Structure formats: structure tokens, C-alpha cells
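# Structural overview
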Amino acid sequence: MRVRHAVVAGGGIGGLTAAVALSRRRGWRVTVCERAPVLTGVGAGIILAPNALRALDSIGLGPEVWAGAALAGQVGVRTPDGGWLSRTGAASSQHGLPARAVHRAFLADTLAAALPPGTLRLGVSVTGVDDSGDAVVVRTSAGDLRADAVVAADGLRSTLRGQLFPRHPGLRHAGEAGWRAVLPGDGPPARTATETWGRAERFGIVPLVDGRIYVYATAATGPGPRPGTKQADHLAELTRRFGGWHDPIPALLDRLGRRSPGPVDVLHHDFHELASPLPRFHSGRVALLGDAAHAMTPNLGQGGCQAIEDAVVVAHLLATDADADVPAALAAYTEARHRRTTRISRHSRRLGALALLSHPLAVSVRNLAVRATPGGVTSRALDSVLGWQPPPGPASVTPPSTGIKEQ
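First, a word on what this report is: a plain description of the structure on this page. (Residues numbered from 1 in each chain as written. Predicted model: local features only at pLDDT ≥ 70, side-chain atom pairs only at ≥ 80, totals over all residues. Heavy atoms only, no water.)

The secondary structure content of the protein amounts to 13 helices and 18 strands. Looking at the protein as a whole, 50% of its 407 residues qualify as buried. When the accessible surface of the protein is split by element, carbon and sulfur atoms take 55% of a total near 17,500 Å². (Helix = DSSP H or I, 4+ residues; strand = E, 2+ residues; numbered from the N terminus. Buried < 20%, exposed > 50% of the residue type's maximum accessible area, 1.4 Å probe, protein only. Areas by Shrake-Rupley, 256 points an atom, 1.4 Å probe, with all protein chains shown as cover.)

Right under this line is the structure:
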């Protein structure tokens, strides 16, 4: 069997998942080019919903990411005074798997550890592709690579998306900015995942499987860089906005600024999305996935989960037949993923619009409407998202390697 070569541009969650999935199929070898000199697991927490867990399990990574406690108890939305707007059980029973929240660094390390030696090239950026010859020529900072297929997982500001679709309007600011941090598990434990909605402001609390606590906050804001902003400024802003909200938010904010064992890093960023969908997720022998293909707002917590789905599907279609035509396989990938991710992106945008309401009357009407909606209705609305099933794996999947343990 001829061994073909795939180059993955980007070593984030989606790119690493695609590399693992494809490297475990006979007939393919993979090179991952990641511009960062080290895998840092940029970000904070990520909730692996049942659809993402099933995708990872389909490529042999279930046991590595199922360790630790699942999200349990009541999950829902509250008001700043602590009242509940909606409350449901953890996303689990009706979808077969309980959601798990992990640190992004743990997930990135687990995926990287599952790759064959020599697959991951750090400090190497992909600057362009030439798909005009008998092989795709991938331009990188370390020289050209020849490939049979390219997976562009180069993120929100994808270089390859801009090359393949130069007329697309690109990213749009979503009207919000966010703060994220992970607290050590040395305080009162958070037992449930909650999100609190105020007037164009939100605060979320998510317990991670290793005992740490992932916290995030959002606020309506216009676009623009904030050069020179220090950690103390972020903490002051968070305290000003959320310090008077219900317990345990004030205590969590206090822990963010403690000097012992040290202040917690607070990440701050504007939200952007591809509000106008790309016409397709492929061009010739190049496929886009994750944020490069369908950057969405984080309101449904599905950005990373959809990247994982993309990765499993594109690997499945490329490896279904060792002699398959790559452009045809990637056209099938677009067909399989475009409608679903567009629908989820729009759903996330609509949910975010509710959370962005700021007029007191509009907020009151929103809260009444959310309280009046039965939890079962809310849960059923997510059935098509969380109930997704990965494509069946062929018999040619290589036995999985042992993943690293959580730090």
C-alpha cells in the first residue's frame, strides 16, 4: 500500500486531533507544523461535551480523556442575586456520556503524546500552499514540504483561509470581550457548572476534572487592542463588574488576586466569528477545520468540540479508501460538515444576543422567558448538537498508544 503524506497546519486541539486520527489509519503519515516553539495549551478550560467525547473515543482516546470526575449536579443559568433562570441535570444521561471539563493544556499534551515520534514540528509556521502540481507544495518557515493532502487548522486568523478564499469578508467582532482563568483547587470546591447573566455581562464557573476551577467572564465591548493592560487592571475590572454578584463569585475573584501561592494569570481577548459562512471547507487538496473554517462565538461551548468533530470526519473520509481521490474526499467533508457547523454557529450567535441585552426592560423580559421555558425543552434543543455520532471506524485503525497522565 502506498503511504501518502498529510501536512497539518496548526497544532491546536483540532489540528492535533486530525493528526492523531489520520496517523492511526494505515496508508497515511502526518506532519504537524506548529508555529509556537512549545505546546503551551493556550487558553484555560474546555468542556468536552458528549459529541466531542464520542469523537475522541472513535480514534482510541476515550480512556485518556475520561479520567476524573464528570460534570454533575445542577447545571444552569443564574441571575446576579443568585436566583435560577434555568436548571437542568448535567449533559449526560440522554446523550450517553457525561460531559467533562479539562484544561486545554492537558488535552493538547494528551493528543501530542498519541502522535508517532517525529510527527510534530514546533517552531515551524505554514505560510502558504501551492496546489497546482502533482503534489501540494506547503510553504513553511523551515522549507517546502510535499503533501498529498493539507489540513488547515491554523486558527481564528487563518493564513490559509485567506489564501484560499481571498474575497471572503473574514472575521467580524462579536460585540463582546472575555476574561478566562484557572484557579488551583485549594479553596471551597465548585460542584456544579453555572453561568450567571446580568445586563450584557456574564460570569461562568466550571469545575475541571483535576479539581481546579475554570472561571470566565464576558462583557459587551467594542473592538480594539488594549496595549499595556496589566493583570491588576484585569482584576480591578472584574471586581468592579462582578464583585457584588452572588456567592461564590466574590470569593473566586478574591482568589484570583492572592499573592500566595501567586496571582493567577487572567487571559483577556475580544470575541470574533465568521458571521458569513465560507462557501465550502475545502479547495482542491486542502481542507479547513475548526476556527479556520467556522469560527463561532463561545456561547454554546462548541467551538473546540466542533473542531474535534471536523478532525475525525476529515480523517475518516481521507482514509476510507487508500487510493481515494483526495479532492473528492474533501468535497465529501464539506458536505458532511458545512450545514451542521453553520447551524451551530447561528444558534450560538442567537444565544449570545440574549446574553448581550442591557436595557432593564429587555433583560426582565428575557429572564421571564427563560424561566418559563421548561428544562426539557432547552435540553431537547441541544439533542442534535450533543447527540452527534462519529463515522464508523474502519478495521485499519492502528491500536492507540498510551496517553500521558494529567498533570
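Once the structure has been displayed, the description carries forward.
The next point concerns the pattern of salt bridges. Applying the stated rule across the entire model yields 16 salt bridges. Across the salt bridge formed by Arg139 and Asp130, the nearest N and O atoms sit 3.8 Å from each other. Accessibility expressed as a relative area gives 33% for Arg139, which makes it partly exposed. A salt bridge links Arg340 to Glu309, with the shortest nitrogen-to-oxygen separation between them at 2.8 Å. Here the residue Arg340 occupies a position in helix 10 (residues 326–355), and Glu309 occupies one in helix 9 (residues 303–319), the gap between them amounting to 31 residues. As far as the burial class goes, Arg340 and Glu309 line up, both buried. Among the charged side chains, a salt-bridge network with shared partners connects Glu201, Glu237, Arg240 and Arg241. (Salt bridge = Lys/Arg side-chain N within 4 Å of Asp/Glu carboxyl O.)

With that settled, the discussion passes to the packing of aromatic side chains. Two measures describe an aromatic ring pair: the distance that separates the ring centres and the angle between the ring planes. By the definition in use, this model includes four aromatic pairs. Their ring planes at 40° and their centres at 5.6 Å tell us that Tyr214 and Tyr216 sit as a pair that is tilted. Looking at Tyr216, the relative accessible area reads 19%, which means it is buried. Members of the aromatic cluster, joined through ring pairs, are Phe203, Phe242 and Trp245. Sitting above the plane of the Trp84 ring, Arg78 keeps its charged end 4.8 Å from the centroid. (Phe/Tyr/Trp six-rings, centres within 6.5 Å; stacked < 30°, edge-to-face > 60°. Lys NZ or Arg CZ within 6 Å of the ring centre and 35° of its normal.)

If you trace the six strands from one edge of the open sheet to the other, you get 7-2-1-11-18-17, paired in mixed fashion. Strands at the two margins of the open sheet, each flanked by one partner only, are strand 7 (120–122) and strand 17 (282–283). The pairing of strand 1 (residues 4–9) with strand 2 (residues 28–34) spans six bridges and is parallel. Within the sheet, the bridge partner assigned to Val7 lies in strand 2 and is Thr31. (Pairing = 2+ DSSP bridges.)

With that out of the way, let us pick up unusual backbone geometry. Between Asp247 and Pro248 the backbone carries a cis peptide bond, its omega angle lying at 5°. Despite not being glycine, Ala200 shows a phi value in the positive range, around 60°. For Ala200, the location among the structural elements is in the loop between strand 13 (194–197) and strand 14 (201–207). Residue classification places Ala200 among the buried residues on the basis of a relative accessible area of 10%.

Our focus in this paragraph is the nonpolar core. Ranked by size, the top nonpolar core spans 75 residues in total, and within it Leu48, Leu107, Val138 and Leu318 carry the most contacts. At nine residues, the largest contribution of residues to this core is made by helix 9. Not counting residues within four places of it along the chain, the set of residues in contact with Val138 comprises Val7, Val126, Gly128, Val129, Gly143, Asp144, Leu145, Ala147 and Val150. Counting 19 residues, the second largest nonpolar core, distinct from the first, contains Trp179, Ala181, Ala219 and Phe242. (Core = buried A, V, L, I, M, F, W, Y, C linked by side-chain atoms within 4.5 Å. Contact = heavy atoms within 4.5 Å.)

Its place among the elements puts Leu53 in helix 2 (residues 50–58). With 46 residues separating them in the primary sequence, Leu53 and Ala99 have C-alpha atoms 7.7 Å apart. In contact with Leu53, other than residues within four places in its own chain, are Leu48, Val65, Trp66, Leu97, Pro98, Ala99 and Arg100.

Attention now moves to the packing of helix 2 against helix 9. Running from amino to carboxyl end, helix 2 crosses helix 9 at an angle of 30°, the nearest separation of the two axes being 9 Å. Viewed along their axes, helix 2 and helix 9 adopt a mutual orientation that is roughly parallel. Handedness of the crossing formed by helix 2 with helix 9: left-handed. On helix 9, the residues that touch Asn51, Ala52, Ala55, Leu56 and Ser58 of helix 2 are Cys305, Gln306, Ile308, Glu309 and Val312. Each residue belonging to the contact of helix 2 with helix 9 can be placed in one class, and the counts come to six nonpolar, three polar and one charged. (Axes fitted to C-alpha atoms, helices over the stretch in contact; angles between N-to-C directions. Parallel < 35°, antiparallel > 145°, perpendicular 65-115°, else oblique. Left-handed = near helix turned anticlockwise from the far one by under 90°. Nonpolar A, V, L, I, M, F, W, Y, C, P; charged D, E, K, R; others polar.)

Our focus in this paragraph is the environment of Asp148. Along the chain, Asp148 falls in the loop between strand 10 (145–147) and strand 11 (149–152). Separated by 17 residues in sequence, Asp148 and Asp131 have C-alpha atoms that sit 9.6 Å apart. Excluding its chain neighbours within four sequence positions, the residues that come into contact with Asp148 are Arg2, Arg4, His5, Trp28, Val136, Arg285 and Val326.

Here the focus is the packing of helix 6 (residues 231–242) against helix 7 (residues 249–256). The interhelical angle for the contact between helix 6 and helix 7, taken along N-to-C directions, is 170°, at an axis separation of 10 Å. The angle between the axes of helix 6 and helix 7 places the two elements in the roughly antiparallel class. Contacts from Leu235, Leu238, Thr239 and Phe242 of helix 6 reach helix 7 at Ile249, Leu253 and Leu256. Partitioned by chemical class, the residues of the contact of helix 6 with helix 7 number six nonpolar, one polar and no charged.

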